[in-house]
Amino acid sequence: SENNFGEIPDVCEWPENLKYLNLSSTQIPKLTTCIPSTLEVLDVSANNLQDFGLQLPFLKELYLTKNHLKTLPEAADIPNLVAMSISRNKLNSFSKEEFESFKQMELLDASTNNFICSCEFLSFIHHEAGIAQVLVGWPESYICDSPLTVRGAQVGSVRLSLMECHQSLLVSLICTLVFLFILILVVVGYKYHAVWYMRMTWAWLQAKRKPKRAPTKDICYDAFVSYSENDSNWVENIMVQQLEQACPPFRLCLHKRDFVPGKWIVDNIIDSIEKSHKTLFVLSEHFVQSEWCKYELDFSHFRLFDENNDVVILILLEPIQSHAIPKRFCKLRKIMNTKTYLEWPPDEEQQQMFFMPDENWLSCV
């Protein structure tokens, strides 16, 4: 010891009964097979060693203090080791498996190292039975270097929270929950037309900023007709024919004919209503079962309802029981209970009188 050997050869000749060798403070950067396998005590403290890879089957004591080792030596190479000093190295932790691999270990001095107090390392330290009797200098010489929140604290006294110990698990769980939440939103939104409702609500907010009524010069139609596609035969071949061929003729706005191609349907509906004197609903069983008609009632005709203007005309194409009207048509139910509506008569003679000029229900604008 206390020499400037620096390098040692790969092969050396030693007495066969050599048991103890002290090479401390000799500036050795690497151990070679020059070290005899008969040793029971080896002291290579205060050198420049970065690893220990010798096979010494009879070694009982090993002193590695003040080197640059980052891990414990392999227990398989020194199976009979009883005591080891690896203090003042670059050791940052050791696992339960590494510790228990030294079957004969009675004393381990791993003090004065920069320990990373990870959840795994702390769990091992706190739950390993009898570790306090094996570790030399425990607990005052075993100090956490990281994480920053526990730097300077004794390893034995540190307790990390569940969130700190299972960050990856929590992140995975949160990501899974967020994904499931988004998936549920997408499924529910698709099933209940949430995107449509949001777009309609946006259209409603935009329309709220517009004037209550369009200027007279912008009125293009006598009435906007809201009806189910299943009733188009009656609307187009009977009602429209009668009204548009009357004297004077009435101009009706039909979505199939008068909507602007390429324009969003909601904008088409709102613009058509604003440019019409009245809004004419053709009510039937098909109407109250139609989502499109429901959208028109809830999101497109709101201005007419909120203004309390007498602009709504109801034509009951076929008898509808009030209990048969779905709850989502609450505004329609309210209108039918407060406004007089026209009924399309089943008798052919009465049907011919339905559009008679003297009883015309559209001319009173």
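All residue numbers refer to positions counted from 1 along the written sequence of the respective chain. Confidence filtering applies because this is a predicted model: local features only for residues at pLDDT of at least 70, side-chain atom pairs given and counted only at 80 or more, and all residues used for totals across whole chains, interfaces and linings. Only heavy atoms go into the side-chain values, all of them from the structure, while hydrogens and water stay out.

Per an unreviewed UniProt entry, the chain goes by TIR domain-containing protein and derives from Bambusicola thoracicus. UniProt positions are given in the numbering used here, feature names are shortened, and annotations may be inferred rather than shown by experiment. Among the UniProt annotations of the chain, the heading Sequence similarities (unreviewed entry) holds the following wording: "Belongs to the Toll-like receptor family."

Engineer: Honestly, a nonpolar patch on the surface in this entry has me stumped. Any pointers?
Structural biologist: On the surface, a cluster of nonpolar side chains totalling about 750 Å² of accessible area is made up of Leu173, Leu177, Phe179, Leu180, Leu183, Ile184, Val187 and Val188. Starting at the N terminus, helices and strands are each numbered in turn, a helix being any DSSP run of H or I of at least four residues and a strand any DSSP run of E of at least two. In this structure, Val188 sits in helix 5 (residues 167-191). Look at Val188 and you get partly exposed, because its relative accessible area is 40%. Each patch is assembled from residues with relative accessible area greater than 30% and no salt bridge, linking like charges that lie within 9 Å and nonpolar side chains (Val, Leu, Ile, Met, Phe, Trp, Tyr) that lie within 5 Å. Throughout, the Shrake-Rupley method with a 1.4 Å probe supplies accessible areas, and for residues the shown protein chains are the sole cover considered. Any carboxyl oxygen of Asp or Glu within 4 Å of a side-chain nitrogen of Lys or Arg constitutes a salt bridge here. Burial classes follow relative accessibility: with a 1.4 Å probe on protein chains only, a residue under 20% of its type's maximum area counts as buried, one over 50% as exposed, and anything between as partly exposed.

Engineer: What's the story with the UniProt feature "transmembrane region" (unreviewed entry) in the chain in this structure? I'm lost.
Structural biologist: The positions that UniProt labels "transmembrane region" (unreviewed entry) are, in the present scheme, residues 169-190. Strand forms 0% of residues 169-190 and helix 100%; the C-alpha atoms that close the span are 31 Å apart.

Engineer: Quick question: what am I supposed to make of the packing of aromatic side chains here?
Structural biologist: When we look at a pair of aromatic rings, we describe it by the centre distance and by the angle of the planes. Between 30 and 60 degrees the pair is tilted, below 30 it is stacked and above 60 it is edge-to-face, where a pair is any two Phe, Tyr or Trp rings, Trp via its six-membered ring, whose centres lie within 6.5 Å. On inspection of all chains with the given rule, the structure shows 12 aromatic pairs. Pairing Phe94 with Phe115 gives two aromatic rings, centres 6.4 Å apart and planes at 70°, and the pair type is edge-to-face. Of the two residues, Phe94 sits in the loop between strand 4 (83-85) and helix 1 (96-100) while Phe115 sits in strand 6 (residues 115-116), which places them 21 residues apart along the sequence. With 5.8 Å between their ring centres and 55° between their planes, Phe99 and Phe124 make a pair best called tilted. Pair noted here: Phe99 is in helix 1 and Phe124 is in helix 2 (residues 119-127), with a separation of 25 residues, a long-range link.

Engineer: What is the right way to read the nonpolar core from this model?
Structural biologist: Buried Ala, Val, Leu, Ile, Met, Phe, Trp, Tyr and Cys residues form a nonpolar core when they are joined through side-chain atoms within 4.5 Å. The biggest cluster of nonpolar side chains holds 47 residues, and the ones touching the most others in it are Ile35, Leu42, Phe52, Phe94 and Leu108. The greatest single-element share of this core, amounting to 5 residues, is contributed by helix 2. Leu252, Leu280, Val282 and Phe354 belong to the second-largest nonpolar core, a separate cluster that totals 19 residues.

Engineer: Where do I start with the sheet that holds strand 12 (residues 342-343) in this structure?
Structural biologist: Backbone hydrogen bonds hold the strands of a sheet together, and the pairing may be parallel or antiparallel. Strands sit in the order 9-8-10-11-12 across an open sheet of 5 strands; the sheet is parallel. Strand pairing shows two members of the sheet lacking a second neighbour, strand 9 (252-253) and strand 12, which therefore form its edges. A pair of strands is considered paired only if DSSP assigns at least 2 bridges between the two. In the sheet, strand 8 (residues 221-226) pairs with strand 10 (residues 276-283) via 5 bridges, with the strands oriented parallel. What sits directly across from Phe224, in strand 10, is Thr279.

Engineer: Sorry if this is basic, but what is going on with the state of the cysteines here?
Structural biologist: Note on terminology: disulfide denotes any pair of cysteine sulfur atoms within 2.5 Å. Using the criterion set out here, one finds 2 disulfides in the structure. Cys117 shares a disulfide with Cys144; S-S distance 1.8 Å. Between Cys117 and Cys144, the S-S dihedral sits near -90°, and the bridge is therefore left-handed. Of this pair, Cys117 sits in the loop between strand 6 and helix 2 while Cys144 is found in strand 7 (residues 144-146), placing the two residues 27 residues apart along the sequence. Both residues of the pair, Cys117 and Cys144, count as buried. With no disulfide partner, Cys220 has as its closest neighbouring cysteine sulfur the one in Cys253, 9.0 Å distant. Looking at Cys220, the relative accessible area reads 38%, which means it is partly exposed.

Engineer: For this particular structure, what's the right way to read the side chain of Ser45?
Structural biologist: Position of Ser45 among the secondary structure elements: in the loop between strand 2 (41-43) and strand 3 (61-63). You can call Ser45 buried: its relative accessible area is 12%. Aside from chain neighbours lying at most four places away, what touches Ser45 is Leu23, Ser24, Ser25, Tyr63, Leu64, Thr65 and Asn67. The contact criterion used throughout is that any non-hydrogen atoms of two residues lie within 4.5 Å.

Engineer: Honestly, the pattern of salt bridges in this entry has me stumped. Any pointers?
Structural biologist: Close approach of charged atoms lets side chains of opposite charge pair. Overall, the coordinates contain 8 salt bridges when judged by the stated rule. Between Glu236 and Lys256 there is a salt bridge whose closest N-O contact spans 2.9 Å. Within this pair, whereas Glu236 is found in helix 7 (residues 232-244), its partner Lys256 is found in helix 8 (residues 255-258), the two being separated by 20 residues in sequence. Owing to a relative accessible area of 22%, Glu236 belongs among the partly exposed residues under this scheme. Judged by its relative accessible area of 47%, Lys256 falls in the partly exposed class. Taken together, the shared-partner salt bridges in this structure form one network comprising Lys96, Glu100 and Glu128.

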